[in-house]
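Overview (structure and organization)
Below, each chain spelled out in residue letters.
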Amino acid sequence: MQYLQLLALLQGNADDSLKGLNEKLYNSAVPVIGCRIPFLRRTAKSISTEQAEQYPLHQFVEVDMIKGLVLTSKPLAFEKRGLLWDFAHSLENWAVCDTCKARFPAGENRYLAFFGDMAAQRRQFVCRYGLVNLMSFLKEDVSAVLKETEKVTAYGSYYADMGMAWLLATAMACNSDEGK
């Protein structure tokens, strides 16, 4: 799908009341069209990786989200992790960060350290993306995930701090029976 076709589709499925709400929630300098996430997920399925790579960055939050959804819609081989690294460094709001959680092949534990290194970055959305993705390993090895969080240095950055809080709360929920 060409970019102008995508924009027409997004604008044709915009909800003005959602646009206003999302502008407040996302706290982004990037304009918001006002599309619902399930619609964006369905739309992303019809877009190839090559097409998504051609879409401009930070023109609209929904386009950034579609780019991320296309990238993360299928498990990504570890050898292609650079695509996730680049994506994380393009993030500028929590909504795109949290919606476009990575998928990777089952048992691919090298991603644990990779996301730990990402969480160690000073840029708050890169750090948050690393933390959000570390949650994928909580059911397998909570102690290894918590060890990776020791690398975090972006404390005092609101969105990184909230990512850490979310990870810790999820870790506690995953292990509520321990210690009884």
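Refer to the preceding data block for the structure.
Residues numbered from 1 in each chain as written. Predicted model: local features only at pLDDT ≥ 70, side-chain atom pairs only at ≥ 80, totals over all residues. Heavy atoms only, no water.

**Re helix 8 (residues 110-119)**
What counts is decided by this rule: For each residue, the accessible area found with a 1.4 Å probe, counting protein chains only, is set against the maximum for its type, and the residue is called buried under 20%, exposed over 50%, and partly exposed in between. Labels follow the DSSP assignment, with helices taken as runs of H or I lasting at least four residues and strands as runs of E lasting at least two, numbered in each case from the N terminus. By definition in these notes, contact holds between two residues if any of their heavy atoms fall within 4.5 Å.
Of all 10 residues that make up helix 8, 7 are buried, and the element is covered over most of its length. The complete set of buried residues in helix 8 reads Y111, L112, F114, F115, G116, M118 and A119. On its buried face, helix 8 sits against helix 6 (81-90), helix 9 (124-134) and helix 10 (142-149).

**Quick word on the pattern of salt bridges**
Oppositely charged side chains are able to pair whenever their charged atoms sit close together. For the record, the criterion: Whenever Lys or Arg places a side-chain nitrogen within 4 Å of a carboxyl oxygen from Asp or Glu, that contact is recorded as a salt bridge.
According to the stated counting rule, one finds 7 salt bridges in the structure shown. A salt bridge links R110 to E79, with the nearest nitrogen and oxygen atoms 3.5 Å apart. Of this pair, R110 sits in helix 8 while E79 sits in the loop between helix 5 (61-72) and helix 6, and the two are 31 residues apart along the sequence. Overall, the relative accessible area of 43% leaves R110 in the partly exposed class. Its relative accessible area of 60% is what places E79 among the exposed residues.

**Some points on the packing of aromatic side chains**
Selection criterion: Side-chain rings of Phe, Tyr and Trp, where Trp is taken by its six-membered ring, are said to pair if the distance between their centres is within 6.5 Å; with planes under 30 degrees apart they count as stacked, over 60 as edge-to-face, and otherwise as tilted.
Going through the model one piece at a time under the given rule, you end up with 14 aromatic pairs. Centroid distance F104 to F137: 5.2 Å. Interplanar angle 10 degrees. Geometry classified as stacked. In this pair, F104 is assigned in the loop between helix 7 (94-99) and helix 8 and F137 in the loop between helix 9 and helix 10, connecting sequence segments 33 residues apart. By way of ring pairs, the aromatic residues F78, W85, F104, Y111, F114, F115 and F137 are connected into one cluster.

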